[in-house]
Amino acid sequence: MNAVDILLVEDNPHDAELTIKALAEKRLANRIWHVKDGAEALDYLFGAPGRGPAPAAPKVVLLDLKLPKVDGMEVLAKMKADERLKLVPVVILTSSKEERDLLESYRLGVNSYIVKPVDFDQFAKSVQELGLYWLLLNEPPR
Amino acid sequence: MAGTRPVPLIVGFVTALAFLGGVGALNWQHSVRMGESAALVAHTHHVQTRRNRLLVLILEIESKQRAYALTGRSEFLDKFEEAVLRLPQEERILGELTRDERQKAALFALKPLMAERIAFARQTVKLRQISGAEAAARQVATLKGKRLTDEIRALFALMDARGGELLDERSAAARRETGTTLLLGLTGTALGFALLIAVFALVLRENRRRQRAEAEVDRFFTFSLDMLCIAGADGYFKRISPAFTQALGWSEEELLARPFLDFVHPDDRADTLHVVERQVVAGKKVLQFENRYQHKDGSWRILSWKSMPQPDGLMYATARDVTERTQAEKETQKLNDELERRVRERTAELDGQRQHSELLLNSIGEGLYGLDLDGLVTFMNPAGAEILGYSAAELLGQPMHAKCHHAYADGRPFPREDCPIYAAKRDGQVHHNSDDVMWRKDGSAVAVEYTSTPMRDKEGQLSGAIVVFRDITVRKLAEKALRRQADRLRNLHETDMSILQALVSPEAIAQTSLHHLRDLLRCERASVGLFDAEKKQVRVLAAEAEGATVVQIGKDLPEEAYGDLEILRRGQMEIVDDLHGAASPRAVSRVLQVEGARSWISVPLRTERGLIGALSLGWTARRTIAPEDVEIAVEVAAQIAVALEQSRLLQESKRHAAELERRVQERTRELAEANKELEAFTYSVSHDLRAPLRAIEGFSRMLVDGYGGRLDDEGRRLLGVVRSSTARMARLIDDLLDFSRIGRKVPERQEVDMSALARAAVEELVGEKPVPSLKVSVGELPAAFGDRALLRQVLANLIGNALKYSGKKAAPAVEVGSAREGGETVYFVKDNGAGFDMRYAGKLFGVFQRLHHEGEFEGTGVGLALADRIVRRHGGRIWAEGKVGEGAVFRFTLPDKKGEIHERS
């Protein structure tokens, strides 16, 4: 399993497709890894029992909040509590505008919180911009 | 003085006048006579003159006749004729003037001579005229004329001689008269002067004396301590003594300048005027009159007047300032009155005391009698006699102890030596006994309280005793009743306290009450039973008994154990004085009898719910159950009933409270669950509802992008509808989520700059799609107090609406402003847009309520509902006015800093 640039945690296949398509338009989808729930995300990030150690951390995690099994907030909390993973930028990409979610995310140390627009143009633009930012512009600590 | 002095002066004066008058008269008389003499002399001269003239006229006639006769010249003839004509007149005058007889005689003799002479003359003249000069000359030469003339002359000479005689006579008389008159005049004048001088001297002397007298009067006037004055009928003082000035403080000028009534106290003016009138009109003296005059300092001085009216209308009056005296008199009068009053009072008091003593003796309810040294009754008042059942006469002279005080209350003989009543007359001490008896005539005892006081004669030797005594039967009964009452009350009170404090169970209360009740009523057994209607049983709640009994606490007994339920249900009690004598013994009676009870009562315990139990009391000895016993039992029964009811209610309310508490908790839990569900719902709406929308939108977009070329126009239009519907759905979801979120959010409270908020909202909204013709004005808005984000939403919604609905106008205008109305700030957003029909104003703020079609103006119908919800959650109001085609105004109020809406004043 090669190291990836983007870990996309999204249960809705359509949203996932739209996200990947948007990133692809800007050629940012080359090294993207898509998981469909929080448990899978944790497995990927921390390594699953019996499947060897975890791969190198992704450059950015795009995390939905409402996920089956383990929700996004828990994934975020675990990442930010982990020495190795807490420096990995996490972008919450969600439909929720609930203030509760916003506050909780920031409290846990999220790096960005994006509400997914329904309008595709806007949605695509948002995803492309955040991809560009975290992958190309942002200088992660070494 | 003035009355006696003028007499000699006047006499002298009159004498002088009379004398001078006499002299004058005499003088005048002589002067008249002197005048008369002089006149006579003058007359004599006058007559002489006239005579001469007559003679001359006669001679003239003769000479002219002769001259004519000689010359014949007519001028002589004329003169002759003229003289002849004058002659009779002269002759007549002389005749009138002549009064002397002798002259008259001569004159008389003269007349014919003159006539003859004139006749001769005429003859001569005629001769001359007729016969000429010669004849005339002859005629003349006859000397007849001459003779006649001589005779005439002689007569004149005679008359002259007589005239001369008369003249001498009269002149002498005149001279005499003059002399006398002169003498008289001189003498009279001299005497007159002398008299005048004398009178003048007298007058001078009198004058000096008068001046001295006046000076004396003046001095009196000036130095008199009494006020002296002269007043005129015109109401003004004419003169006043300086004492006035001193007494009244006014200057003399001031007092004289105004009518004296001005100074008189208004209340005294009528009297004063009356007195003045009486003086002036009737000329009455005033001997005593008082009135008040005003002092210059405004105070009133009481003046006492004496006044003497004068015929000339002046009043001579003296006044004295009696203010102090009057006041002193008043004081004295007051003191006298006071003294008199006190004397009267004292007299009345003494009278009263005397009567009082008599009354006391005769009418007081207490007995009163006197004893001599032998213990015999000296007097007895009616009350005393009545208490003892005797008449006062029956007891007089009787040995009191033997008669009425011979035994103690229990019947033991009362030795005379031990009697405290008698002791007083022996030892001289006061003896008192508040609990003893005396014996009445009918042999019964009467409870008394008495005081025996020793009596001493003038020498201080004991002479007997006075005894006051009182029938205390009623008091003793009352005391007994009172003690019982106190016991009852204490018992009731204790029960009450137990109930009120709810410290003990109703069982304990009942038990305590029974204990007290047994003490009070001296009953051997007492119990309280509670009925159980279903089981037809009665449970013993409390019981206290001496000896063995079936009545034990907690035991269930048959209902009949507490008596006849029917009677008790009616609220009546069962009373059996003697169980042995009961006509048809019931089971209960038998049981009671077996257990040793003889008398018995059962009292119902009743509450609002009806009969709940009974109180049963039993005595082992036969007892006539008194009304008071019943009363006490009823009281206690009522108490126990109340205690039981109270306890029941308490239990019930505790149960209620617990039930309520449980329900509240349940409800709260339900609500919390519902709330949680709702939150979960909105959360899932927010997440899950949008995801499919995004897919529809995104994929239809991809369809357009990737396959648009292969679709015809209709296909593309249909895809467009899909996408726009999706967008609308997304918006609806967003708005709905906003709406529900605000419903859950508690607004913050902070000061919000509404102007800045409105400007920001306008900028944001207009900035999206600027229209050149649009005019937006934002006035200065007062700061509000509330949640900034929420208020921003309100403004944004209202302004957004205004822009939206005015957007189709040629010159859209939106105004944001505020106004003070009725003590509160009203913010408003106004536009000139499509407006609305006021009939639907009520629907404006409902969720999803729209007054315009989607085709006209887009929108979800949530914006105003949201604004309404926010304003109301702040405690404010929102309302709108509009007119179709002309625009709308939305207004809202917000509470002030204290979080309260201003009261409309």
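Coordinates for the structure precede this section.
Values in this document were obtained by computation on a predicted structure and should not be read as measured data.

**Q** Summarise the overall build of chain A; cite the residues concerned and give the values.
**A** When you go through chain A residue by residue, the secondary structure sums to five helices and five strands. The order of helices and strands in chain A, counted from the N terminus, is β-α-β-α-β-α-β-α-β-α. Put simply, chain A has 142 residues, and 49% of those count as buried. Here the contacts in chain A between residues at least 6 apart in sequence split such that 67% fall between residues at least 24 apart. Element-wise, carbon and sulfur atoms account for 52% of the exposed surface of chain A, whose accessible area totals about 7,100 Å².

**Q** Talk me through the packing of helix α21 (residues 788–806) of chain B against helix α22 (residues 863–874) of chain B; I want residue IDs and the actual numbers.
**A** To characterise two packed helices, one gives the angle between the axes of the helices and the distance between these axes. Residue and element names in this part refer to chain B. Where α21 contacts α22, the axes come no closer than 9 Å and their chain directions differ by 145°. Pair α21 / α22 crosses with left-handed handedness. Seen from α21, the contacting residues are Leu790, Leu791, Gln793, Val794, Asn797, Leu798 and Asn801; seen from α22, they are Gly863, Leu864, Leu866, Ala867, Ile870, Val871 and His874. Tallied by class, residues from the contact of α21 with α22 come to nine nonpolar, five polar and no charged.

**Q** Account for the environment of Ala597 of chain B, with residues named and values stated.
**A** Residue and element names in this part refer to chain B. You can see Ala597 is positioned in the loop between α17 (587–594) and β15 (599–607). Separated by 24 residues in sequence, Ala597 and Ala621 place their C-alpha atoms 7.3 Å apart. What Ala597 contacts, discounting residues up to four positions off in sequence, is Arg525, Leu579, Leu592, Trp619 and Thr620.

**Q** Which residues make up the side chain of Thr94 of chain A, and what are the values?
**A** Its location among the elements puts Thr94 of chain A in strand β4 (residues 90–94). Beyond its immediate chain neighbours, meaning those up to four positions away, Thr94 of chain A contacts Asp64, Leu65, Tyr113, Ile114, Val115 and Lys116 of chain A together with His687 of chain B.

**Q** Outline the nonpolar core, supporting the account with residue identities and numerical values.
**A** Residue and element names in this part refer to chain B. Among the nonpolar cores identified, the biggest contains 41 residues, and Met754, Leu798, Ile799, Phe890 and Phe892 are the most heavily contacted of them. Going through the elements one at a time, α19 (713–744), α20 (754–768), α21, β20 (813–821), β21 (824–831), α22, β22 (878–883) and β23 (887–893) are the ones with two or more residues in this core. For this core, the element with the most residues is α21, which contributes eight residues. Ignoring anything within four residues of it in the chain, the contact list for Leu798 reads Val829, Leu864, Ala867, Ile878, Phe890 and Phe892.

**Q** Which residues make up the pattern of salt bridges, and what values do they have?
**A** Scanning the entire structure with this criterion turns up 73 salt bridges over all chains. Arg622 of chain B is the partner of Asp578 of chain B in a salt bridge, and the nearest nitrogen-oxygen pair spans 3.4 Å. Placement of Asp578 of chain B in the loop between β14 (574–576) and α17 and of Arg622 of chain B in the loop between β16 (610–619) and α18 (627–707) is noted, with a sequence separation of 44 residues between them. On the basis of relative accessibility, which here comes to 17%, the residue Asp578 of chain B falls in the buried class. In this structure, the salt-bridge partner of Glu764 of chain B is Arg792 of chain B, at a minimum N-O distance of 2.3 Å. Taken as a pair, Glu764 of chain B in helix α20 and Arg792 of chain B in helix α21 lie far apart in primary sequence, 28 residues in all. One salt-bridge network, in which partners are shared between bridges, spans Glu10, Asp15, Asp64 and Lys116 of chain A together with Arg694 of chain B.

**Q** Give a description of helix α15 (residues 506–521) of chain B that names residues and reports values.
**A** The terminal C-alpha atoms of α15 of chain B, which comprises 16 residues, lie 22 Å apart, in line with the 22 Å expected from a rise of 1.5 Å per residue. Once α15 of chain B ends, the next one or two residues include Arg522 of chain B, with phi positive near 55°.

**Q** Describe the sheet that holds β16 of chain B, listing the residues and the values that go with them.
**A** Residues and elements named next belong to chain B. Reading across from one edge, β13-β12-β11-β16-β15-β14 is the order of the six strands in this open sheet, with antiparallel pairing throughout. The sheet is open, and its two borders are formed by β13 (556–558) and β14, each paired with just one other strand. Strand after strand, the sheet turns through a mean of 30° between neighbouring axes, direction not considered. Of the pairings in the sheet, the one linking strand β11 (residues 525–532) to strand β12 (residues 537–545) comprises eight bridges and is antiparallel in character. Across the sheet, the residue bridging to Val528 is Ala542, located in β12. Lying on the sheet, α15 is in contact with β11, β12 and β16; it crosses β12 at an angle near 50°.

**Q** Outline the packing of aromatic side chains, listing residues and values.
**A** The description of two aromatic rings rests on the distance between their centres and on the angle between their planes. Residue and element names in this part refer to chain B. Inspection of the entire model under this criterion finds twelve aromatic pairs over all chains. Plain terms: the ring middles of Phe237 and Phe260 are 5.2 Å apart, the flat faces sit at 40° to each other, and that makes the pair tilted. Note that Phe237 is positioned in strand β2 (residues 237–240) and Phe260 in the loop between α7 (252–257) and α8 (269–282), a separation of 23 residues in sequence. Of the two residues examined, Phe237 and Phe260, each falls in the buried class. Positioned above the aromatic ring of Phe263, the side-chain terminus of Arg258 is 4.5 Å from the ring centre.

**Q** If you had to explain the pairing of β21 of chain B to someone new, which residues and values would you point to?
**A** Residue and element names in this part refer to chain B. Here β21 lies mainly inside the structure; seven of its eight residues are buried. Between the end of β20 and the start of β21, which pair antiparallel, lie two residues, with Gly822 showing a positive phi angle near 55°. In terms of strand pairing, β21 meets β23 through six bridges, oriented antiparallel. When the bridges of β23 are listed, Phe828 appears paired with Arg891.

**Q** So, the interface of chain B and chain A: which residues are in play, and what are the values?
**A** If you look at the interface, chain B gives 22 residues, while chain A gives 23 residues. Considering only the side of chain B, the residues that lose the most area to chain A are Tyr683, His687 and Arg694 of chain B, jointly responsible for 33% of the buried surface there. Note that Arg694 of chain B is salt-bridged to Asp15 of chain A, the shortest N-O span being 2.6 Å. Between chain B and chain A we count five residue pairs in polar contact (both at pLDDT 80 or more) in total.

**Q** Lay out the sheet that holds strand β1 (residues 6–9) of chain A with the relevant residues and their values.
**A** All names here are of chain A. Spatial ordering of the open sheet is given by β2-β1-β3-β4-β5, a layout of five strands whose pairing is parallel. This sheet does not close on itself; its edge strands, each paired only once, are β2 (32–35) and β5 (112–115). Looking at each pair of strands side by side, their axes are set apart by 20° on average, direction ignored. Bridging between β1 and β2 involves four bridges; their strand directions are parallel. Residue pairing in the sheet places Val9 in a bridge with Val35 of β2.

**Q** Lay out a nonpolar patch on the surface in plain terms, naming residues and giving numbers.
**A** A surface patch of nonpolar side chains, about 410 Å² in accessible area, is lined by Leu132, Tyr133, Leu136 and Leu137 of chain A. Judged by relative accessible area, which is 40%, Tyr133 of chain A ranks as partly exposed.

**Q** Let's hear about the packing of helix α2 (residues 38–46) of chain A against helix α3 (residues 72–81) of chain A: which residues, and what values?
**A** Residue and element names in this part refer to chain A. Look at α2 against α3: their axes get within 9 Å of each other, and the N-to-C directions meet at 15°. Our classification of the angle between α2 and α3 gives roughly parallel. In this structure, α2 crosses over α3, and the sense of that crossing is right-handed. Between α2, through Gly38, Ala41, Leu42, Leu45 and Phe46, and α3, the contact on the second element is made entirely by Val75, Lys78 and Met79. Among the residues forming the contact of α2 with α3, the class breakdown is six nonpolar, one polar and one charged.

**Q** If you had to explain unusual backbone geometry to someone new, which residues and values would you point to?
**A** Of note in this structure, Lys69 of chain A is not a glycine but carries a positive phi near 65°. Look at Lys536 of chain B: it is not a glycine, yet its phi comes out positive at around 55°. Here Lys536 of chain B is to be found in the loop between β11 and β12.

**Q** Describe helix α3 (residues 101–131) of chain B, naming the residues involved and giving the relevant values.
**A** With 31 residues, α3 of chain B ought to run about 45 Å at 1.5 Å a step, and its terminal C-alpha atoms sit 44 Å apart, in line with that. A maximum bend of about 25° is found in α3 of chain B at Leu110 of chain B, where proline Pro112 of chain B lies one to four positions downstream.

Quick notes on the rules
- Residues numbered from 1 in each chain as written.
- Chains lettered and ligands numbered in written order.
- Predicted model: local features only at pLDDT ≥ 70, side-chain atom pairs only at ≥ 80, totals over all residues.
- Heavy atoms only, no water.
- Helix = DSSP H or I, 4+ residues; strand = E, 2+ residues; numbered from the N terminus.
- Buried < 20%, exposed > 50% of the residue type's maximum accessible area, 1.4 Å probe, protein only.
- Contact = heavy atoms within 4.5 Å.
- Areas by Shrake-Rupley, 256 points an atom, 1.4 Å probe, with all protein chains shown as cover.
- Axes fitted to C-alpha atoms, helices over the stretch in contact; angles between N-to-C directions.
- Left-handed = near helix turned anticlockwise from the far one by under 90°.
- Nonpolar A, V, L, I, M, F, W, Y, C, P; charged D, E, K, R; others polar.
- Core = buried A, V, L, I, M, F, W, Y, C linked by side-chain atoms within 4.5 Å.
- Salt bridge = Lys/Arg side-chain N within 4 Å of Asp/Glu carboxyl O.
- Expected span 1.5 Å × (residues − 1).
- Pairing = 2+ DSSP bridges.
- Phe/Tyr/Trp six-rings, centres within 6.5 Å; stacked < 30°, edge-to-face > 60°.
- Lys NZ or Arg CZ within 6 Å of the ring centre and 35° of its normal.
- Buried area = accessible area lost by both parts, 1.4 Å probe.
- Polar contact = N/O pair within 3.5 Å; in protein donor to acceptor, adjacent residues only side chain to side chain.
- Patch = residues over 30% accessible without salt bridge, like charges linked within 9 Å, V, L, I, M, F, W, Y side chains within 5 Å.
- Parallel < 35°, antiparallel > 145°, perpendicular 65-115°, else oblique.
- Bend = angle between axes of the 7 residues up to and from the residue.

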